[in-house]
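The lines below spell out each chain.
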Amino acid sequence: MTDTPAKPGQTEVWITGIGLATSLGEGLDANWAALQEKRINVDEKGFAPFVVHPLMPVTFDSQIPKKGDQRQMEAWQRIGVYAAGLALDSAGIKGNKDILSKIDMVVAAGGGERDLNVDTGVLTAEAKGANAPGFLNERLMSDLRPTLFLAQLSNLLAGNIAIVNGLGGTSRTFMGEEVAGADAARIALSRIASGESDIALVGGSHNGERKDLMVLYEFGDFNLKDKFAPVWARKDHAGFALGSAGAFLVLESKAHAEARGAKPYAKLSSVVTDLARRKQSGDMEATLEKLWAKLPKREGKGAIISGATGAEPATSEEHGFLKGHADFPVRATGTMFGHTMETQFPLGLALAALSISRGALFPPNDSTGTEIEMQGAPTQIVVVGAGHWRGEGMALVEAVK
Amino acid sequence: MTAPRDKLGRPVVVVTGMGIMTSLGNGKADNWAKLVAGESGIRTITRFPVDGLRTTMAGTVDFVSVDPFSSTGLSERMAELVTEEALAQAGIGAKADFPGPLFLAVAPVEVEWPQRRELGRAVGAQDFTYDDLLRISGGGKYSAYHHRFMFGSVAAHLAETFGTKGSPISLSTACASGATSIQLGVEAIRRGETDAALCVATDGTVNPEALVRFSLLSALSTQNDPPQAASRPFSKNRDGFVMAEGAGALVLESYEAATARGAKILGVIAGCGELTDSFHRTRSSPDGKPIIGCMNKTLADAGMTPDQIDHINAHGTATPENDKMEYNTTSAVFGDLVTKIPVTSNKSMVGHTISAAGAVEAIFSLLTLEHQRIPPTINYDNPDPTILFDVVGNKARDARVTAVMSNSFGFGGQNASLILTREPA
């Protein structure tokens with residue numbers, strides 16, 4: 001197992017900035033208000049039979065002022081650059097050249113959207129008999145927009161964040177679906193805790209309104225179809241509803257934050273990740289238990305924010321794990337935000353920090369009784385992220401004492 | 001007697017196993033022999049039709065079979081083979097039980113044309129929409145394609161095969177990915193999280209769309225005939241890079257752990273540096289400051305000064321802009337030494353292995369240290385008069401080499417450098 005234990009002598013790491021652009025809205029207040037009202041933005045018709053959580057429209061100009069920059073990106077990148085900008089604003093470092101020139105970035109990313117017209121055009125022409133050896137080459141050479149590649153490359157989310165905001169530290173892009181988001185946070189935390197870095201921007205973004213992604217997940221029958229239901233109520237109608245979201249955090253050493261007078265939302269105490277073999281029923285649940293045991297001691301008022309997808313058998317295995325910790329109120333972000341893949345774990349961290357800073361866990365949104373009310377202010381929230389196919393992650397977010 | 005810690009008090013990170021594959025062949029012995037002989041692995045593409053393409057050659061790895069074929073499948077198979085070679089040399093751990101994490105540099109993954117075409121044929125109509133493709137994708141017929149085209153699938157396969165510990169990290173920093181995988185391993189060992197790390201980089205993406213994508217950005221050489229002469233780093237008539245496939249694997253260990261188990265030390269990763277350029281998506285800042293900063297950070301990380309570097313394994317892609325920028329920035333860092341330090345670009349022979357390049361070239365740098373012989377930059381018949389590097393042109397050169405700087409620069413403002421040495425400093 002790989003982990004970032006809180007070692008003596010290691011510096012405390014604070015979450016000093018949060019940026020959210022989701023299907024529920026942009027910014028912390030809008031998302032918080034929607035959670036309080038148990039509002040869910042779900043579309044059962046636009047991609048029928050597939051269910052999606054579409055992005056609440058935002059004015060990209062406010063975070064990506066140059067239209068030329070916006071044109072160079074596809075939606076997944078625009079959402080991410082937007083949310084990253086909100087996180088920098090929230091940390092009070094937007095435009096602060098001294099800090100931005102050294103801030104480290106760890107981004108969890110998939111790939112960008114394809115041009116569906118080009119793909120369909122090639123396939124239908126072939127169905128009609130186009131079979132010259134160079135047919136595909138010629139069509140791609142003439143039909144693909146030259147800059148589309150840059151809007152598809154995984155590391156160009158980080159690249160665009162750097163260009164738009166003038167970031168000049170290190171830049172690393174992790175791929176690998178859900179657990180990439182947890183590993184991004186784990187590595188950023190390790191680097192700050194050990195003194196390799198003072199401040200980092202961590203997060204991801206996802207455009208769930210994409211038929212090319214639905215094809216990929218449909219190969220494995222993972223898409224939720226026809227009718228929305230809370231994540232815990234999908235056992236007999238399993239699947240995830242893709243969601244659009246960008247979630248970014250500014251992580252910072254306590255000393256660095258204090259020196260510039262920044263206030264923390266919460267501290268990130270630990271991130272642990274693993275790869276269960278998932279060969280047999282119970283493998284994943286056992287791995288989640290191992291990760292749970294590796295987190296620092298839970299002694300405060302605790303809660304769990306889960307990134308459970310609604311896909312099986314992963315969701316049932318995670319549910320089994322949660323039943324063993326039934327004294328912790330649980331919230332599943334997949335119900336409210338949909339499944340945002342690489343972004344789900346950073347989103348969970350963001351909501352944990354937000355809940356701690358606002359002195360309350362958001363209310364349950366579930367018909368099965370898995371999620372229970374919580375009275376009083378949480379001081380410790382465990383974020384759980386188990387991938388729909390592979391990869392498990394867990395983090396402990398705590399109130400700053 | 002060497003100290004197990006470096007000048008900054010961190011564990012010294014050494015290399016105890018290496019595995020490599022390029023268009024030149026499989027394994028260190030074959031690759032090194034051909035590299036110092038000045039052989040090119042670039043050839044006319046036969047894997048798919050090249051009609052209608054501006055660039056028709058590449059450094060493909062055609063001697064590894066994958067069925068059903070996909071670029072991601074080829075990347076995975078190459079990664080597996082180079083890892084086997086590296087582990088055999090290192091003699092670390094037990095079978096399927098590597099005592100540390102995996103850091104994998106891998107090209108971004110997506111559903112590829114053969115699978116997309118299979119889906120198109122399965123619709124069974126002449127006219128259809130994307131929704132029709134979507135409608136027939138489910139039901140389990142294509143479930144293997146879900147696994148194949150997960151971004152994390154190659155890393156998950158390697159982690160399960162070789163028993164690496166924890167969550168394997170799949171990463172992309174474009175053309176710097178291979179260097180980043182090594183850097184992540186070095187950092188994990190320096191932080192004391194592990195005594196060993198497996199750093200692998202692989203790229204098997206010579207396929208029609210990848211070629212078209214780079215072609216549309218005017219990044220590729222179009223000097224198709226003869227293909228062996230297409231990649232011309234530092235030459236006046238260079239016109240772009242040549243896409244290539246390959247993989248590299250390195251077993252990294254703390255000096256202390258390696259010596260404790262009596263492992264043979266192949267070299268030291270003395271320094272790593274990285275600095276983002278926020279100027280443009282594909283072009284470097286005209287003042288070169290991010291690359292200069294990257295090289296300086298790497299020297300500082302190694303606790304070394306420019307006069308201690310006696311060879312540069314250049315990024316040297318042979319694009320008009322890269323080579324000029326690399327010369328200018330290297331001049332800024334090395335001053336008058338820039339004309340005296342021998343420089344070479346392995347890409348003249350193996351092409352640009354993209355996601356794998358940083359690791360492939362780090363391994364070639366370590367072999368250079370081992371053999372005290374610098375592989376040539378071939379096709380160097382018409383030197384660019386504005387690039388005053390001491391290019392090791394056309395013929396390998398024996399030299400005293402104690403420390404090599406290896407550079408990698410990529411789209412998205414990714415710059416990474418490594419310093420490799422024979423012995424701990």
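Note that the coordinates shown come from a computational prediction; the quantities given were computed from them, not determined experimentally.

Undergrad: Can you walk me through the overall build of chain B in this structure?
TA: Of the regular secondary structure elements, chain B holds 13 helices and 16 strands. In terms of C-alpha radius of gyration, chain B reaches 21 Å, essentially the compact-globule figure of 22 Å for 425 residues. In terms of overall dimensions, chain B has a C-alpha envelope of 70 × 50 × 40 Å along the principal axes. Per-residue burial for chain B yields a buried fraction of 62% across its 425 residues. When contacts within chain B are restricted to residue pairs at least 6 apart in sequence, long-range pairs at least 24 apart make up 79% of them.

Undergrad: Any chance you could explain the interface of chain B and chain A here in plain terms?
TA: Quoted interface sizes are often the accessible area lost when the parts come together. Contacts between the two partners involve 66 residues from chain B and, on the opposite side, 65 residues from chain A. Looking at the side of chain B that touches chain A, the elements that each hand over two or more residues are α3 (113-123), α4 (130-135), α5 (143-148), α6 (153-162), β6 (169-172), α7 (177-190) and α8 (208-216) of chain B. At 5 residues, α8 of chain B tops the list of elements feeding residues into the side of chain B that touches chain A. Two strands pair when backbone bridges link them, and strand β7 (residues 171-175) of chain A and β6 of chain B are joined in this way by 3 bridges, in the antiparallel orientation. Bridge assignment links Met 175 of chain A to a residue of β6 of chain B, and that residue is Ser 170 of chain B.

Undergrad: Explanation requested: helix α13 (residues 314-323) of chain A in the structure shown.
TA: Since one α-helical turn is 3.6 residues long, residues separated by three or four positions face the same way. What α13 of chain A keeps buried is the set Ala 314, Thr 315, Glu 317, Glu 318, Phe 321 and Leu 322 of chain A. The arc that holds every buried residue of α13 of chain A, seen down its axis, measures 160°, which confines them to one face.

Undergrad: Looking at this structure, how should I read the sheet that holds strand β5 (residues 50-53) of chain A?
TA: Two orientations exist for strands paired in a sheet by backbone hydrogen bonds: parallel and antiparallel. All names here are of chain A. The mixed open sheet is built from 3 strands, whose spatial order is β4-β5-β9. Looking at which strands have only one partner, the edges of the open sheet turn out to be β4 (43-47) and β9 (242-243). Relative to β5, β4 runs antiparallel, the two sharing 2 bridges. Bridge pairing links Phe 47 to Phe 50 in β5.

Undergrad: I tried to follow the packing of helix α5 (residues 116-127) of chain A against α3 of chain B on my own but got confused; where do I start?
TA: When two helices pack together, you describe them by how their axes are tilted relative to each other and by the distance separating the axes. Closest axis-to-axis distance for the α5 of chain A/α3 of chain B pair is 10 Å, and the angle between their directions is 55°. Of the possible angle classes, the one that applies to α5 of chain A and α3 of chain B is oblique. Of the two elements, α5 of chain A crosses α3 of chain B, and the hand of that crossing is right-handed. Of the residues in α3 of chain B, those touching α5 of chain A at Asp 119, Leu 123, Glu 126 and Ala 127 of chain A are Arg 116, Arg 117 and Gly 120 of chain B. Of the residues assigned to the contact of α5 of chain A with α3 of chain B, the class counts are 2 nonpolar, 1 polar and 4 charged.

Undergrad: What's the story with the packing of helix α12 (residues 283-294) of chain A against α13 of chain A in this structure? I'm lost.
TA: All names here are of chain A. Where α12 contacts α13, the two axes come as close as 8 Å, and the packing angle between them is 45°. Of the possible angle classes, the one that applies to α12 and α13 is oblique. The crossing of α12 and α13 is right-handed. Across the interface between the two elements, Met 284, Glu 285, Leu 288 and Glu 289 from α12 touch Ala 314, Glu 317, Glu 318, Gly 320 and Phe 321 from α13. The residue inventory of the contact of α12 with α13, partitioned by class, reads 4 nonpolar, 1 polar and 4 charged.

Undergrad: Sorry if this is basic, but what is going on with the pairing of β5 of chain A here?
TA: A regular strand places its side chains so that they alternate between the two faces of the sheet. Residue and element names in this part refer to chain A. Burial of β5 is two-sided: the residues Phe 50 and Val 52 facing one way and the residues Val 51 and His 53 facing the other way are all buried. Between β4 and β5, which pair antiparallel and follow one another directly, the connecting turn spans 2 residues. Bridge analysis of β5 against β9 gives 2 bridges, and the strand direction is parallel. Across the sheet, Val 52 pairs through a bridge with Leu 242, a residue of β9.

Undergrad: I tried to follow α6 of chain B on my own but got confused; where do I start?
TA: Residues and elements named next belong to chain B. In terms of residue burial, α6 counts as a mostly covered element, since 7 of its 10 residues are buried. The complete set of buried residues in α6 reads Ser 153, Val 154, Ala 155, Ala 156, Leu 158, Ala 159 and Phe 162. Buried residues along α6 sit against α2 (71-90), β5 (102-106), α5, β6 and β7 (196-203). Directly beyond the C-terminal end of α6, a positive phi value near 65° is found at Gly 163.

Undergrad: Mind showing me how you'd approach the confidence of the model for chain A here?
TA: If pLDDT is low for a region, its predicted coordinates should not be looked at in detail. Residues with a pLDDT of 70 or more make up 98% of chain A, whose mean pLDDT is 96. Contacts from residues 1-6 of chain A, a stretch scored under 50 in pLDDT, to residues over four places away or in other chains number 25 contacts.

Undergrad: Sorry if this is basic, but what is going on with unusual backbone geometry here?
TA: With the exception of glycine, most residues fall at negative phi, and the peptide bonds are largely trans. All names here are of chain A. That bond from Ala 48 to Pro 49 is cis: its omega, 10°, falls within 30 degrees of zero. You can see Pro 49 is positioned in the loop between β4 and β5. Positive phi, close to 70°, is recorded for Asp 226, a residue that is not glycine. Looking at the secondary structure, you find Asp 226 in the loop between α10 (211-219) and β9. Backbone geometry at Met 341 places phi at a positive 55°, although glycine is not the residue there. With respect to the element layout, Met 341 can be found in the loop between α14 (333-337) and α15 (344-358).

Undergrad: Could you clarify how one ought to interpret the confidence of the model for chain B in this entry?
TA: When pLDDT is averaged along chain B, the result is 97; 99% of the residues meet or exceed 70. Model confidence for the complex is summarised by a pTM of 0.98, with the ipTM given as 0.98.

Undergrad: Mind showing me how you'd approach the environment of Ile 136 of chain B here?
TA: Residues and elements named next belong to chain B. By the element assignment, Ile 136 lies in the loop between α4 and α5. Residue classification places Ile 136 among the partly exposed positions, given that 17 C-beta atoms sit within 10 Å. Residues Ile 136 and Gly 120, spaced 16 residues apart in sequence, show a C-alpha to C-alpha distance of 9.6 Å. Setting aside residues up to four positions removed in sequence, Ile 136 forms contacts with Leu 119, Ala 122 and Val 123.

Reading the values: the criteria
Residues numbered from 1 in each chain as written. Chains lettered and ligands numbered in written order. Predicted model: local features only at pLDDT ≥ 70, side-chain atom pairs only at ≥ 80, totals over all residues. Helix = DSSP H or I, 4+ residues; strand = E, 2+ residues; numbered from the N terminus. Rg over C-alpha atoms; globule rule 2.2 N^0.38 Å. Buried ≥ 20, exposed ≤ 12 C-beta atoms within 10 Å, placed from the backbone. Contact = placed C-beta atoms within 7 Å. Pairing = 2+ DSSP bridges. Arc of directions from axis to C-beta. Axes fitted to C-alpha atoms, helices over the stretch in contact; angles between N-to-C directions. Parallel < 35°, antiparallel > 145°, perpendicular 65-115°, else oblique. Left-handed = near helix turned anticlockwise from the far one by under 90°. Nonpolar A, V, L, I, M, F, W, Y, C, P; charged D, E, K, R; others polar. pLDDT = per-residue confidence, 0-100.

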